[in-house]
Amino acid sequence: MHFEIKFLPEKTKQYPLRILIYWIIIWASLFLFSTIKILPSISTNGLMIKKTTCLEFASSGRFDEEENCVKYGKSYFVPVGAELLDAFKSIGIYSGVITWLVGLMLMKGKSIQDKKELGKTPP
């Protein structure tokens, strides 16, 4: 039995559905990854610690060392639900834009290829 997985559809009309399916898979995968990534920063009362940016950098003066942060801003807490909702929205938008752009470029390439094949006449 020969089983072959085709990631790109055979016909140009099949591209929008396939792009939608890939977008949903990528969105779910990235959201799951981001959820797992924030688990260690959740406190016992259901809040997540958010650190602000560095306020002051310093270096030991050696030429081969990078500057390290000496003073951070005040940390604050965010509800985990709000953080997950924000991640859900932003990951969906960013992955959707990228997936649709790549998919539309591939669909345009397929339509150009189909037009070239239609123009050829067999000998």
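Everything quoted here is computed from the prediction, not taken from an experiment.

J.: Account for the confidence of the model for the protein chain, with residues named and values stated.
T.: Scored by pLDDT, the protein chain has a mean of 82; 86% of the residues are at 70 or more. Here strand S3 (residues 68-72) stands out as the element of the protein chain with the lowest mean pLDDT, 74, in contrast to helix H1 (residues 15-38), whose mean of 93 is the highest.

J.: Explain the packing of aromatic side chains to me, using residue names and the numbers behind them.
T.: Under the criterion given, the structure shown has 3 aromatic pairs. Plain terms: the ring middles of Phe31 and Phe88 are 5.3 Å apart, the flat faces sit at 80° to each other, and that makes the pair edge-to-face. Within this pair, whereas Phe31 is found in helix H1, its partner Phe88 is found in helix H2 (residues 80-119), the two being separated by 57 residues in sequence. Residue classification places Phe88 among the partly exposed residues on the basis of a relative accessible area of 38%. The rings of Trp23, Trp27, Phe31 and Phe88 are connected pair by pair, giving a single aromatic cluster.

J.: Can you lay out the pattern of salt bridges for me, pointing to particular residues and giving the numbers?
T.: Side chains carrying opposite charge are able to pair once their charged atoms draw close together. Evaluated as defined, the whole model comprises 1 salt bridge. Lys110 serves as the salt-bridge partner of Asp114, at 3.6 Å between the closest nitrogen and oxygen. You can see Asp114 and its partner Lys110 sitting in helix H2, 4 residues apart, about one turn around the helix. You can call Asp114 partly exposed: its relative accessible area is 23%. Judged by relative accessible area, which is 17%, Lys110 ranks as buried.

J.: Break down the side chain of Ser34 for me, citing the residues and quoting the values.
T.: When you line up the elements, Ser34 lands in helix H1. The class of Ser34 is buried, set by a relative accessible area of 15%. A polar side-chain atom of Ser34 sits 2.9 Å from the main-chain carbonyl oxygen of Phe31. Beyond its immediate sequence surroundings of up to four residues, Ser34 is in contact with Ala87 and Ile91.

J.: Tell me about H2, and name the residues and values.
T.: Its 40 residues give H2 an end-to-end C-alpha distance of 58 Å, which sits within 8% of 58 Å, the value for a rise of 1.5 Å per residue. Within H2, the full set of buried residues consists of Val80, Glu83, Ala87, Ile91, Gly92, Ser95, Gly96, Thr99, Gly103, Lys110 and Ser111. The inward-facing, buried residues of H2 contact H1, strand S1 (47-50) and strand S4 (76-79).

J.: Describe H1, naming the residues involved and giving the relevant values.
T.: Compared with an ideal rise of 1.5 Å per residue, which puts 24 residues at 34 Å, H1 spans 34 Å between its outermost C-alpha atoms and is within 8% of the ideal. Here H1 has its buried residues at Tyr15, Ile19, Trp23, Ser34 and Ile38. Buried-residue contacts for H1 involve S1 and H2.

Cut-offs used in this document
Residues numbered from 1 in each chain as written. Predicted model: local features only at pLDDT ≥ 70, side-chain atom pairs only at ≥ 80, totals over all residues. Heavy atoms only, no water. pLDDT = per-residue confidence, 0-100. Helix = DSSP H or I, 4+ residues; strand = E, 2+ residues; numbered from the N terminus. Phe/Tyr/Trp six-rings, centres within 6.5 Å; stacked < 30°, edge-to-face > 60°. Buried < 20%, exposed > 50% of the residue type's maximum accessible area, 1.4 Å probe, protein only. Salt bridge = Lys/Arg side-chain N within 4 Å of Asp/Glu carboxyl O. Polar contact = N/O pair within 3.5 Å; in protein donor to acceptor, adjacent residues only side chain to side chain. Contact = heavy atoms within 4.5 Å. Expected span 1.5 Å × (residues − 1).

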